[in-house]
Amino acid sequence: MKFSIFNSEIIVGGKHTLLYNSFSGTFVVVKNMIVSIKDMTIDKLNKTYPNLYSQLLNGGYIIDEYIDEIERVRERIKKTDFNHHSYILHINPTLDCNFRCWYCYESHVNNSKMSHETLGSVLKLIRSILSQTSITSFELCFFGGEPLFYFNQLAKKIISYTREFCSLSNKTLHVHFTSNGMLLDDKIINFLCNVSCGFQITLDGGKKSHDLTRINKDRKGSFDTIIVNIHKLIKSKINVIVRINYTVQNIDGVISVLEYFKTCTVEEKKYLKFDFQRVWQDRNEGMDETEIKMKKIREIFRKEGFIVLANYIPHDVRQSCYGDKYNHVLINYNGDLFGCTARDFTTSNRIGYINADGELIYDENIVSQRHNSKLSKSVCKSCRIAPICGGGCKQRALEALDSDQCTFNYSEEDKDKMIMDLFEYCFNKKPVN
């Protein structure tokens, strides 16, 4: 027998020791532990603390000598990311947008629009995917740019075609839009009521800060219109994640957003989730005053009966990003292929293209590097939290391949903090009815 390399031991309050195994995800709390577990032999632990030994054995802290723990994590990653029963297709109908948010990482292309020829290629691809007997579920996601541009000409046609083929081939279909929500109207919402559908819609803090950031071409703010459209969606039983971007400058106005949703019924709240995310250019290390304020705001929203998504709480490699999945691709309006939605959609970043027959023509070298990038560094193979991050998502791991340093530059203190956040989350989360 041997101790797992994925064990962590954290002294809490001077009287308790928190033990955690990142592969099994189990916690053990020990009171008044005089000797560190890592300084004991397994035999001594068994003789001195037999009950604790039994807990650690059952929790995966003590494992058989022959077990290759890194290989077990690789198998877990493979089982998750190479699931052949589902497919996730992202489509950028355009890279044009009706807003120009200062923090956006994309290079917008004015008047860009998926051509009739590329649309035809996309439909051929969808038919090819859904013809595979192994595929049982299909997720169709619209990104951009603003994906509601040219809705009738592009998104509606793609959804209608996919819905019909899914019905004929007995596949489940879910449609998702990452949108600013400004262009929604009753006709679009009525059409989307006929499919399983969800939206992510962003607000930039409260009304005042939002209307300074997201201004229409007529120079008017967009907050009121977007709020109305969110209410229309949830009344139509369409799921909405309201992503609220916050910064040092707008944090004090974020709580005011709550007032615009206090009229929601219990039924409507089932279709509404809030996701608070700090704008990436405004982030820093540690718990600053802005994060302290946000922690209180999140709790206030929860007390009002709203679902608040967990904020950067890592689970493990089994909850990987859609961009990590083998059965995932993003097709840009011009036919370029991408593996990630969180990078600029320039041709220099593409991983391939779709041809006229609807075939995905990949740059095999780049794709191979992406699929093998996780857990590829030597530093990852001895890391006690490797089953949590796996060396980062494929995109980040790929971009960090030239260095053997931790992709996230985690210190041992950072790892302890992550584990404590997980511990707090696991024991404080409330079940959702």
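Heads up: these notes are all about the structure in this document. (Residues numbered from 1 in each chain as written. Predicted model: local features only at pLDDT ≥ 70, side-chain atom pairs only at ≥ 80, totals over all residues. Heavy atoms only, no water.)

Our focus in this paragraph is the sheet that holds strand 8 (residues 172-179). Two modes of strand pairing occur in sheets, parallel and antiparallel, and in both the strands are linked by backbone hydrogen bonds. Reading across from one edge, 12-11-10-9-8-7-6-13-14-15-16 is the order of the 11 strands in this open sheet, with mixed pairing throughout. The sheet is open, and its two edges are formed by strand 12 (307-308) and strand 16 (360-362), each paired on a single side. Where strand 10 (residues 239-246) and strand 11 (residues 272-278) come together, seven bridges link them in parallel fashion. Bridged to Ile 241 within strand 11 is Lys 273. Relative to strand 7 (residues 137-142), helix 5 (residues 155-169) is tilted by about 175 degrees, and along the sheet it contacts strand 6 (86-91), strand 7 and strand 8. Sheet contacts for helix 10 (residues 289-303): strand 10, strand 11 and strand 12; angle to strand 11, the most-contacted strand, approximately 180 degrees. (Pairing = 2+ DSSP bridges. Helix = DSSP H or I, 4+ residues; strand = E, 2+ residues; numbered from the N terminus. Contact = heavy atoms within 4.5 Å. Axes fitted to C-alpha atoms, helices over the stretch in contact; angles between N-to-C directions.)

Spatially, 2-3-4 is the arrangement adopted by the three strands of the open sheet, whose pairing is antiparallel. Either end of the sheet is taken by a strand with one partner, and the two such strands are strand 2 (7-12) and strand 4 (26-31). This sheet shows a mean twist of 20 degrees between the axes of neighbouring strands, independent of strand direction. Taken together, the six bridges between strand 2 and strand 3 (residues 16-21) define a ladder with antiparallel strand orientation.

What follows is about the state of the cysteines. Put plainly, two cysteines are in a disulfide when a covalent bond ties their sulfur atoms together. Taken as a whole and assessed by the stated rule, the structure comprises zero disulfides. With no disulfide of its own, Cys 321 has Cys 393 as its nearest cysteine by sulfur position, at a separation of 6.2 Å. Looking at Cys 321, the relative accessible area reads 36%, which means it is partly exposed. Residue class for Cys 393 comes out partly exposed when judged on its relative accessible area of 26%. (Disulfide = S-S within 2.5 Å. Buried < 20%, exposed > 50% of the residue type's maximum accessible area, 1.4 Å probe, protein only.)

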